[in-house]
Amino acid sequence: MTFDFPYFWHLLFSTAFLAPAWTTFWVTVAAMAIGLALGLFGALGAMSRHSSLRWIVAGYLWLVRGTPVLVQIVFWYDAVAELTNNIINLPALIAGVVALGINEGAYMTEIVRAGLLSVDPGQREAARSLGMTNALTMRRIVIPQAVRIIIPPTGNQFIGMLKTTSLLFTIAVPEIFAQGTNIYTVNFRYFEVLCVVSIWYLALTTVLTLAQRRLERRVGLERARLGGAGQGLLSRLFGAGAAREAR
Amino acid sequence: MHKRFGSLEVLKGITMDVAAGEVVCLLGPSGGGKTTLLRCINHLETIDAGTIRVDGEMVGYRLLPGGRLREESDRVVSARRARIGMVFQRFNLFAHLTALENVCEAPVHVRRVPRAAARELGMALLARVGLADKAHVHPHHLSGGQQQRVAIARALAMDPKLMLFDEPTSALDPELVGEVLETMRGLAEGGMTMIVVTHEMGFAREAADRVVMLDGGVIVEEAPPAEFFAAPRHERTRSFLGKVL
Ligand SMILES: Nc1ncnc2c1ncn2[C@@H]1O[C@H](COP(=O)(O)OP(=O)(O)OP(=O)(O)O)[C@@H](O)[C@H]1O
Ligand SMILES: [Mg+2]
């Protein structure tokens, strides 16, 4: 068995993975959007004065974090249809996005909660003393400061999600890995195909990483300390390098 | 009024009147309930008995027909608080906003002052506390004294009827205390109603109309500063003054 380089090269630049890559990308974005929204509500619920809300959030985290995401994916695709006598029969793509989004929401709840808790209580007090309502205080004072804390772990989750979407091949969502399996089950060129599949994932995670660094700069995460002076591609990809460089 | 935290009664029946334009300094040993009293006045804490009125209106509660009290909604309490300024020991400037944005935040989003007008007001207030040149600087680039002066300007931007100060100079380096006290003296002379918790006896002596000694959750003694410092009547006041002077 040798590495068939010409075939690898051909596959890498063929259009076979364009549509699957697009599917992977938008499934990731959609699932993260659901995850972020659920995370924000989850965190607010977990910190609410009403114990019923806190219990609901605790139950959600317990259930979702305590079961494998693969089980949840199949649950939303197959079990829900069975449970409802096919009244709710989600297409694979929708079931996948819903399953991943709801799963993500549990993790994002903890991340957002940590972010909100990291804001000095004095900030809240000051806002309240100026006559800002609870909601306005959250929106104008607490959340904007929490965002800086929330972005780096959310970037991690985003990249994790991009790779987790590959599990959707089990319910036949045509994403990158599913396309790979389609190809290698026919020609048995596992190695070449998996190399191409990996390169596509690497390309997408690279794009996400760069987007994250850009966002961090925009909200001033690197702030004056780093001076913002010309940073190379490497330091943008590996944030820690940037910090060292600036010292 | 009375205030308890769980089983600990922190304020054990405080009765106090502050006239419009009056400057009252609250003194007393640590744990005496000074901070708690200030926080009750703008309803950052609930109270357990009694009432608090600012400018004739109850803060935080509404009287029900039967004579019982009912806590007001967040919206109503917030509206009431908007006219009571508070200055904190640790400044608590909004870290993500510039000095000017700190001052304009509440006028724009609470009082709905148009942005341009709020900016103008903000610049005027920063000039008043001597910081017009720092308008576009973030708090972490300001000294403690400058931060506290911005915090005072921020409170003034809501056109308060009453200003509460909780040890506004305690977190400052000694050489920065003067500039903040100077700003507060200016306010006092301008006729602002102020309740000031402080350990700065010089300020209490010169700027206060009345000094109140709070210890163990009760008012031990109150008198005009000349009298209070020259001839304290109560033993606890004497021993407290003996320690701080
Ligand atoms: N949120 C709280 N929960 C429980 N106890 C509290 C709380 N806040 C204050 N206390 C208690 O109430 C008492 C009065 O506290 P307070 O902060 O009002 O005193 P203070 O006079 O401001 O003291 P200091 O000069 O140290 O600031 C203290 O015994 C304190 O431990
Ligand atoms: Mg105190």
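Residues numbered from 1 in each chain as written. Chains lettered and ligands numbered in written order. Predicted model: local features only at pLDDT ≥ 70, side-chain atom pairs only at ≥ 80, totals over all residues. Heavy atoms only, no water.

> Would you mind going over the overall build of chain A in detail, with residue names and values included?
Each helix and strand in chain A was counted, giving twelve helices and zero strands. Reading chain A from its N terminus to its C terminus gives the helix and strand order α-α-α-α-α-α-α-α-α-α-α-α. When burial is assessed residue by residue, chain A has 43% of its 247 residues classed as buried. Look at the contacts in chain A between residues 6 or more apart in sequence, and 74% of them connect residues 24 or more apart. Accessible surface, chain A: about 13200 Å² in total, of which carbon and sulfur atoms supply 67%. (Helix = DSSP H or I, 4+ residues; strand = E, 2+ residues; numbered from the N terminus. Buried < 20%, exposed > 50% of the residue type's maximum accessible area, 1.4 Å probe, protein only. Contact = heavy atoms within 4.5 Å. Areas by Shrake-Rupley, 256 points an atom, 1.4 Å probe, with all protein chains shown as cover.)

> For the confidence of the model for chain B, give the residues involved together with the corresponding values.
Any segment with low pLDDT has predicted coordinates that should not be analysed in fine detail. Looking at chain B as a whole, its pLDDT mean stands at 94, while 100% of the residues score no less than 70. Across the whole predicted complex the pTM is 0.85, and at the interface the ipTM reaches 0.93. (pLDDT = per-residue confidence, 0-100.)

> Quick one: what's the story with the pattern of salt bridges, residue by residue and with numbers?
Think of it this way: side chains of opposite charge can pair up when their charged atoms draw near. Residues and elements named next belong to chain B. Using the criterion set out here, one finds 22 salt bridges over all chains in the structure. Between D55 and K161 there is a salt bridge; the shortest N-O distance is 3.3 Å. Pair noted here: D55 is in the loop between β4 (53–54) and β5 (57–58) and K161 is in the loop between α5 (144–156) and β9 (162–166), with a separation of 106 residues, a long-range link. The class of D55 is exposed, set by a relative accessible area of 54%. (Salt bridge = Lys/Arg side-chain N within 4 Å of Asp/Glu carboxyl O.)

> Please provide a residue-by-residue account of the packing of helix α4 (residues 69–83) of chain A against helix α5 (residues 92–118) of chain A, values included.
Residues and elements named next belong to chain A. The N-to-C vectors of α4 and α5 enclose an angle of 140 degrees; their axes lie 8 Å apart at closest approach. In this view, α4 runs oblique relative to α5, as classed from their interaxial angle. Here α4 and α5 pass one another in a crossing that is right-handed. Contact residues: V69, Q72, I73, W76 and Y77 in α4; A92, A95, V98, A99, L100, I102 and N103 in α5. Looking at the contact of α4 with α5 residue by residue, the classes come out as ten nonpolar, two polar and no charged. (Axes fitted to C-alpha atoms, helices over the stretch in contact; angles between N-to-C directions. Parallel < 35°, antiparallel > 145°, perpendicular 65-115°, else oblique. Left-handed = near helix turned anticlockwise from the far one by under 90°. Nonpolar A, V, L, I, M, F, W, Y, C, P; charged D, E, K, R; others polar.)

> So what's going on with the interface of chain B and chain A? Which residues, and what values?
Between chain B and chain A, the residue contacts involve 26 residues of the former and 21 residues of the latter. For the pairing of chain B and chain A, the buried interface totals around 2000 Å² over both sides, and the portion due to carbon and sulfur atoms is 56%. Counting every contact that joins chain B to chain A gives four salt bridges. The salt bridge partner of A:R140 is B:E105, with a shortest N-O separation of 2.7 Å. Taken together, the links from chain B to chain A amount to eleven residue pairs in polar contact (both at pLDDT 80 or more). Going through the elements one at a time, α2 (74–81), β8 (84–87), α3 (99–109) and α5 of chain B are the ones with two or more residues in the side of chain B that touches chain A. No other element matches α2(B), which puts four residues into the side of chain B that touches chain A. For the side of chain B that touches chain A, the per-class residue count stands at twelve nonpolar, seven polar and seven charged. (Buried area = accessible area lost by both parts, 1.4 Å probe. Polar contact = N/O pair within 3.5 Å; in protein donor to acceptor, adjacent residues only side chain to side chain.)

> Got a sec to walk through the sheet that holds β9(B)? Specific residues and values, please.
Residue and element names in this part refer to chain B. Across the sheet, which stays open at both edges, the six strands sit in the order β8-β9-β10-β3-β11-β12 with mixed pairing between neighbours. Across the chains shown, the open sheet's two edge strands, defined by having one partner strand only, are β8 and β12 (218–223). The average angle at which neighbouring strand axes cross in this sheet is 20 degrees, direction not considered. (Pairing = 2+ DSSP bridges.)

> Any details on the site of ligand 1? Residues and values, ideally.
Residue and element names in this part refer to chain B. For ligand 1, the full set of nearby residues is F5, V10, P29, S30, G31, G32, G33, K34, T35, T36 and E167. One of the backbone N or O atoms of G31 is found 2.8 Å from an oxygen atom in ligand 1. E167 has a polar side-chain atom sitting 3.3 Å from an oxygen atom of ligand 1. When isolated, ligand 1 has an accessible area of 640 Å², and the protein chains bury 59% of it. Take the shell around ligand 1: its biggest share by element is three residues, from helix α1 (residues 34–41). A class-by-class count of the residues in the shell around ligand 1 yields three nonpolar, six polar and two charged. (Near = heavy atom within 4 Å.)

> Account for the pairing of strand β3 (residues 23–27) of chain B, naming residues and giving values.
Residue and element names in this part refer to chain B. Of all the five residues making up β3, five are buried; the element is thus mostly covered by neighbouring parts of the structure. Burial along β3 is two-sided: V23, C25 and L27 facing one way and V24 and L26 facing the other are all buried. Sheet topology note: the β3/strand β10 (residues 194–197) ladder contains four bridges and is parallel. Residue pairing in the sheet places C25 in a bridge with V196 of β10. Of the pairings in the sheet, the one linking β3 to strand β11 (residues 210–215) comprises four bridges and is parallel in character. Considered in β11, the bridge of V24 is made with R210.

> Summarise helix α8 (residues 176–187) of chain A; cite the residues concerned and give the values.
Residues and elements named next belong to chain A. Here α8 is twelve residues long and its end C-alpha atoms lie 17 Å apart, about the 16 Å a rise of 1.5 Å per residue gives. Packed against the buried residues of α8 are α1 (5–12), α2 (18–46) and α9 (190–218). Put simply, E175 is the residue that caps the front of α8, since its side-chain oxygen is 3.0 Å from the backbone nitrogen of F177. Looking at the residues trailing α8, positive phi occurs at F188, about 60 degrees. (Expected span 1.5 Å × (residues − 1).)

> Describe the side chain of B:N102, with residues and values.
All names here are of chain B. Looking at the element boundaries, N102 is found in helix α3. Here the side chain of N102 touches F94 through a polar contact of 2.7 Å, landing on its backbone nitrogen. Each residue touching N102, except ones within four places of it in the same chain, is listed here: L93, F94, L97, P139, V150 and R154.

> Describe in detail the packing of α2(A) against α5(A), supporting the description with residues and values.
Residue and element names in this part refer to chain A. With their axes 5 Å apart at the nearest point, α2 and α5 run at an angle of 45 degrees to one another. Between α2 and α5, the crossing angle belongs to the class labelled oblique. Crossing of α2 against α5: the hand is right-handed. Per-class residue counts for the contact of α2 with α5 are 19 nonpolar, seven polar and two charged.

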